[in-house]
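# Fold and geometry: a report
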Amino acid sequence: MWQYLFITKFKMRNVNLDGGRTKVVDLLKNGQPDSVVTVKGWVRTKRGNKNVVFLAINDGSSINNIQVVLDPAKYDEELLKSISTGACVRVVGKLVASQGSGQSVEIQGKEVELYGGASPESYPLQKKGHTLEFLREIAHLRPRTNTFGAVLRIRHAMAFAIHKYFNDHGFYYLHTPLITASDCEGAGEMFNVTTLNLEELPRNEEGKVDYTQDFFGKHCNLTVSGQLEGELGAMALGQIYTFGPTFRAENSNTPRHLAEFWMIEPEVAFFEIEDNMNLAEDFLKYLIQYALDNCMDDLQFLAKMYDGELIDRLKFVLENDFVRLDYTEGIEILKNSGAKFEYPVSWGLDLQSEHERYLVEKHFKKPVILTNYPKEIKAFYMKQNDDGKTVRAMDVLFPKIGEIIGGSQREENYEKLLNRINELGIPDKDMWWYLDTRRFGSAPHSGFGLGFERLLLFVTGMANIRDVIPFPRTPNNAEF
Ligand code: 4AD
Ligand code: MG
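Let me begin by describing the structure that accompanies this report. (Residues numbered from 1 in each chain as written. Chains lettered and ligands numbered in written order. Predicted model: local features only at pLDDT ≥ 70, side-chain atom pairs only at ≥ 80, totals over all residues. Heavy atoms only, no water.)

## Points about the site of ligand 1
Around ligand 1 there are 25 residues in total, and Glu185, Gln227, Glu265, Glu403 and Ile404 lie nearest to it. For ligand 1, a nitrogen atom lies 2.9 Å from a polar atom in the side chain of Glu250. Burial of ligand 1 by the protein amounts to 94% of the accessible area it has alone, namely 630 Å². Where the shell around ligand 1 is concerned, the elements lending two or more residues are strand 11 (260–269), strand 15 (402–409) and strand 16 (445–451). Sort the elements by how many residues they give to the shell around ligand 1 and strand 15 lands first, with five residues. Tallied by class, residues from the shell around ligand 1 come to nine nonpolar, eight polar and eight charged. (Near = heavy atom within 4 Å. Polar contact = N/O pair within 3.5 Å; in protein donor to acceptor, adjacent residues only side chain to side chain. Areas by Shrake-Rupley, 256 points an atom, 1.4 Å probe, with all protein chains shown as cover. Helix = DSSP H or I, 4+ residues; strand = E, 2+ residues; numbered from the N terminus. Nonpolar A, V, L, I, M, F, W, Y, C, P; charged D, E, K, R; others polar.)

## Things to note about the sheet that holds strand 9 (residues 220–222)
Adjacent strands of a sheet form backbone hydrogen bonds with each other and so pair up, either parallel or antiparallel. One open sheet holds the three strands; their spatial order is 7-9-8, and the pairing between them is antiparallel. Each edge of the open sheet carries a strand with a single partner, namely strand 7 (179–180) and strand 8 (192–193). Where strand 8 lies against strand 9, two bridges are found, and the strand directions are antiparallel. Its bridge partner lying in strand 9, Val193 is registered against Cys220. (Pairing = 2+ DSSP bridges.)

## Observations regarding the pairing of strand 16
Across the seven residues that make up strand 16, a large majority, seven, are buried. Both faces of strand 16 are covered, namely the face carrying His445, Gly447, Gly449 and Gly451 and the face carrying Ser446, Phe448 and Leu450. Inspection of the sheet shows strand 11 paired to strand 16 by five bridges, in the antiparallel sense. Considered in strand 16, the bridge of Glu267 is made with Gly447. Two elements, strand 15 and strand 16, share five bridges in a ladder whose sense is antiparallel. Opposite Ile405, over in strand 16, you have Leu450 as the bridge partner. (Buried < 20%, exposed > 50% of the residue type's maximum accessible area, 1.4 Å probe, protein only.)

## Digging into the packing of aromatic side chains
In this structure the tally under the stated criterion is 21 aromatic pairs. Their ring planes at 40 degrees and their centres at 5.2 Å tell us that Tyr327 and Tyr373 sit as a pair that is tilted. One end of the pair, Tyr327, is in helix 9 (residues 327–335); the other, Tyr373, is in strand 13 (residues 368–374), and 46 residues separate them in sequence. The residues Tyr327 and Tyr373 share a single accessibility class, namely buried. (Phe/Tyr/Trp six-rings, centres within 6.5 Å; stacked < 30°, edge-to-face > 60°.)

## Considerations on the nonpolar core
The tendency in soluble globular proteins is for nonpolar side chains to be buried as a group. Grouped together as the largest cluster of nonpolar side chains are 67 residues, with contacts concentrated most on Met158, Leu299, Val396, Phe398, Ile404 and Leu455. Looking at which element gives the most residues to this core, the answer is helix 6 (residues 273–294), with 11 residues. If sequence neighbours within four positions are ignored, Phe398 has contacts with Leu284, Ile288, Val317, Phe322, Val360, Pro367, Ile404 and Phe458. Listed in part, the 32 residues of the second largest apolar core include Tyr327, Met382, Leu418 and Leu435. (Core = buried A, V, L, I, M, F, W, Y, C linked by side-chain atoms within 4.5 Å. Contact = heavy atoms within 4.5 Å.)

## Some details on the sheet that holds strand 15
With respect to topology, eight strands assemble into an open sheet ordered 6-10-11-16-15-14-13-12, the strand pairing being mixed. Either end of the sheet is taken by a strand with one partner, and the two such strands are strand 6 (172–173) and strand 12 (323–326). Of the pairings in the sheet, the one linking strand 13 to strand 14 (residues 390–398) comprises six bridges and is antiparallel in character. In the strand pairing of strand 14, Pro374 is matched with Thr390. Packed on one face of the sheet, helix 9 meets strand 12 and strand 13 and runs near 90 degrees to strand 12. (Axes fitted to C-alpha atoms, helices over the stretch in contact; angles between N-to-C directions.)

## Thoughts on the environment of Gly451
Summarising the element assignment, Gly451 is placed in strand 16. What makes Gly451 buried here is its relative accessible area of 11%. Here the alpha-carbon distance between Gly451 and Glu403, two residues 48 residues apart in the chain, equals 9.0 Å. Once residues within four sequence positions are removed from consideration, Gly451 is found in contact with Trp262, Met263 and Ile404.

## Considering the pairing of strand 4 (residues 88–97)
Most of strand 4 sits out of view: eight of its 10 residues are buried. Pairing of strand 1 (residues 36–48) with strand 4 involves seven bridges; the strand directions are antiparallel. In the strand pairing of strand 4, Trp42 is matched with Cys88. Alignment of strand 4 against strand 5 (residues 105–116), held across 10 bridges, turns out to be antiparallel. Note that in strand 5 the partner of Arg90 across the bridge is Glu113.

Given below as structure tokens:
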């Protein structure tokens, strides 16, 4: 007997997901003149006289506002008074070709509803042109400014493009834990995670804190990187990536460091360092191209306000091959440069941003991928070169940023990896699960970490990393 299987396909109901409004971005792009439309948004400016009132309304969908024209005679005086900068309103009206310059269409208001006022005496965003420092103090309101609207839309677009890139290339999104017991980078810059009573810590016989009584039965911390677990995924699924928050308790108050930042970490089986470099370059160029293709209004705004060379710089990266250079050659170039650096240059130096930027901005004038670093300044898991001195590390260095990506080929040899772990005094009893990947079906593999906010610094042209994440976490700053 034949059996027929009927599969009913999910059909989307005709639901409005826009909150009963037309978005400003759509009105400005495809709005039909003479149609009656509803917009909902926040008043950016209000001007006019007793005969006419102009409202500029922004609803977050675009850097551009829509202009609403009201005849004051038709509205309650109190209502009109309450519609001030920062207020949230609903406006129904007719879309018409705009009289004024600067916009194609505007709305002749017929009906106005005030959702929530914003008293001119206390609403802090009255005027344009607040400093970025001031806006950091009101991080709960700064998404309503043009600058942060633009940055946050670009941030979204980049996150989406990252998932798209990896999905299109057959990588699996692997969720790695935020609470771990290991220190991937070995720098000891970790936030503890504990439920022990800090006022009355339990002690063992040696007088040390007894973490066996803690929630997880061992000492845990917030992760500095998803890589180690990412490697477990790559050794099963072939190619994976992580994209999540990472935490570093380094007390460095610089424009490029956050205590909580997002990292993208692809990890790929059967990849040598050259493949890893090819992936990094292709990936970064894809993201930059995506921003140029999809975020031009916002990029142009940021270029106008903060960084006139922004768009040229983005295009420049697309048009040029990244220079690939040995660390040792890089040190020679820096030594012979005649430039004065705060940290003097010699082989073995952990390069500072000043050195990285010299190579990129002054010497090559192109992004640089620096490889084969001294093993002493890199993490335990990197593949050791035959010279006994260097490891197969790769850092991608960008103009204005310095290091944007850090990665490597991984040491896949069990003995060599174990030796290095012992040399560095890492307790190997905590690493047994990681070492097991090298005991069972080990394979060459490589990966890297892209700092999401460093990428955004480059793409938006903003100068401070605190201004490319909605709620920055830095020393002494966790208010919002
Ligand atoms: O070079 P890092 O420390 O590499 C790792 O964590 C590796 N486990 C990655 C891997 O191979 N899977 O960090 C990677 C990137 C840096 O290049 C930088 O872009 C960013 O993360 N980064 C930070 N971004 C903001 N604030 C900080 N404090 C950062 N520390 C690193
Ligand atoms: Mg690094």
